[in-house]
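Overview (structure and organization)
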Amino acid sequence: MSGRLQGKKALITGAAGGLGRAMAHMMAREGAMVALTDLDEAAVEALAKAVNDAHPGRALSFPHDVTDEARWAEVVGQAAEAMGGLSVLVNNAGIGAMARVEDQSLEEWRRVMAIDLDSVMLGCKHALPHLKASQPASIVNISSIAGLAAAPGLGAYNAAKAGVWLFTKAVALECAKDGVDVRANSVHPCFIRTPILDPFVAMAGGDETTAHQKLSRGIPLGRIGEPDDVAYAVVYLASDESRFVTGAELKIDGGLTAQ
Ligand SMILES: NC(=O)c1ccc[n+]([C@@H]2O[C@H](COP(=O)([O-])OP(=O)(O)OC[C@H]3O[C@@H](n4cnc5c(N)ncnc54)[C@H](O)[C@@H]3O)[C@@H](O)[C@H]2O)c1
């Protein structure tokens, strides 16, 4: 099937990274217009060019720090104006973080919360007026299996991603209660082959294959994920195929959390 996102106008944050890049290409391939935003201006511009080379006129890019509320207001306004509306928001930007609680600095804790959690609230807050004007609309917030299950040394990331999980449900219920057709769901990947796994590769002495094999060990399907595994889920949740799905969490984890 193709054209699953025909007519959709989507904004993807952190688009220059591993998952965002896969989403950008797949969503454009399925017919969406995509406003791609990232802290890394050069990388997101290059991505928009690559998407446009394959699907002319489908992508535009914006430099965007997702922790900056004033910038959020500008970016969603400009993206909606350029695309003729905004019907999908993918809050994807995020960083990994590892620290045992006794070594956790408050500064780093706040940085993780700002990028991984506050940004999701700011995105929903500033995109909602535009999404309401482009119903049916969909918010997809990228959490993690680390938002559903904890691990030693991941306290800040666990807390931020768990916040994204429950915050998403609150947004979904507010929209439903208001009778607006804006759905909100969260996506929970486990280990996916992107630069966010670089610290694990460094711990394995720089050997990517060994690092990925180690990460695969606990996963019932026997491998880490690929960015497209997550992008497929985002396409489904962004499309009207998921029209009766809101306040849900979709795990993309090869069975990890089923154990
Ligand atoms: N890859 C995985 O294994 C995995 C697993 C679970 C969840 N996730 C989540 O998926 C999302 C995407 O991760 P990824 O694997 O593509 O990581 P990545 O490091 O490849 O990409 C993250 C992108 O976010 C951008 N970014 C960072 N800080 C930003 C800021 N303040 N403002 C705007 N952009 C900013 C970076 O420039 C980068 O392009 C993140 O929220 C991450 O927590 C990833």
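About the cut-offs
- Residues numbered from 1 in each chain as written.
- Predicted model: local features only at pLDDT ≥ 70, side-chain atom pairs only at ≥ 80, totals over all residues.
- Heavy atoms only, no water.
- Helix = DSSP H or I, 4+ residues; strand = E, 2+ residues; numbered from the N terminus.
- Contact = heavy atoms within 4.5 Å.
- Buried < 20%, exposed > 50% of the residue type's maximum accessible area, 1.4 Å probe, protein only.
- Pairing = 2+ DSSP bridges.
- Axes fitted to C-alpha atoms, helices over the stretch in contact; angles between N-to-C directions.
- Salt bridge = Lys/Arg side-chain N within 4 Å of Asp/Glu carboxyl O.
- Expected span 1.5 Å × (residues − 1).
- Arc of directions from axis to C-beta.
- Polar contact = N/O pair within 3.5 Å; in protein donor to acceptor, adjacent residues only side chain to side chain.
- Domains from an automatic or database assignment.
- Buried area = accessible area lost by both parts, 1.4 Å probe.

**Comments concerning the environment of S134**
Take S134: it is sitting in the loop between α4 (106-132) and β5 (137-142). The contact partners of S134, leaving out residues within four places of it in the chain, are G85, L86 and S87.

**Describing the side chain of T37**
You can see T37 is positioned in strand β2 (residues 33-38). You can call T37 buried: its relative accessible area is 0%. Not counting residues up to four positions away in its chain, the partners in contact with T37 are L11, I12, T13, G14, A15, V44, F62, H64 and V75.

**Some words on the sheet that holds strand β1 (residues 9-12)**
With parallel pairing, 7 strands are arranged side by side in an open sheet as β3-β2-β1-β4-β5-β6-β7. Unpaired on one side and paired on the other, β3 (59-63) and β7 (249-252) mark the two borders of the sheet. The mean inter-strand angle of the sheet, taken between neighbouring strand axes irrespective of direction, is 20 degrees. Taken together, the 4 bridges between β1 and β2 define a ladder with parallel strand orientation. Residue pairing for β2: K9 is matched across the bridge by M33.

**Here's the deal with the pattern of salt bridges**
Counting across every chain of the model gives 9 salt bridges. Its salt-bridge partner being E241, residue R4 comes within 2.8 Å of it at the nearest N-O pair. Note that R4 is positioned in the segment before β1 and E241 in the loop between α8 (227-238) and β7, a separation of 237 residues in sequence. Linking R223 and D229 is a salt bridge whose minimum nitrogen-to-oxygen distance equals 3.0 Å. Accessibility expressed as a relative area gives 43% for R223, which makes it partly exposed.

**Digging into helix α3 (residues 69-83)**
For α3, spanning 15 residues, the distance from its first C-alpha to its last is 21 Å, which sits close to the expected 21 Å at 1.5 Å a residue. Here α3 has its buried residues at R71, W72, V75, V76, A79, A80 and M83. The buried residues of α3 occupy an angular sector of 155 degrees when the element is viewed end-on, so they sit on one face. More than 90 degrees from the buried face of α3, the exposed residues found are A70 and E81. Against the buried residues of α3 lie β1, β2, β3, β4 (88-91) and α4. Where α3 begins, the capping side chain belongs to D68, and its oxygen is found 3.1 Å from the backbone nitrogen of A70. Downstream of α3 by one or two residues, G84 has phi in the positive range, about 80 degrees.

**Description of the domain arrangement of the protein**
By the assigned domains, the protein splits into domain 1 (9-190 + 226-252) and domain 2 (195-224). When each unit is reduced to the centre of its C-alpha atoms, the spacing between domain 1 and domain 2 is 25 Å. Each side of the interface is counted separately: domain 1 has 8 residues, and domain 2 has 8 residues. Taken over both partners, the interface formed by domain 1 and domain 2 buries close to 460 Å², and the fraction arising from carbon and sulfur atoms is 69%. When residues of domain 1 are sorted by the area they lose upon contact with domain 2, M98, C190 and E226 head the list and together hold 59% of the total.

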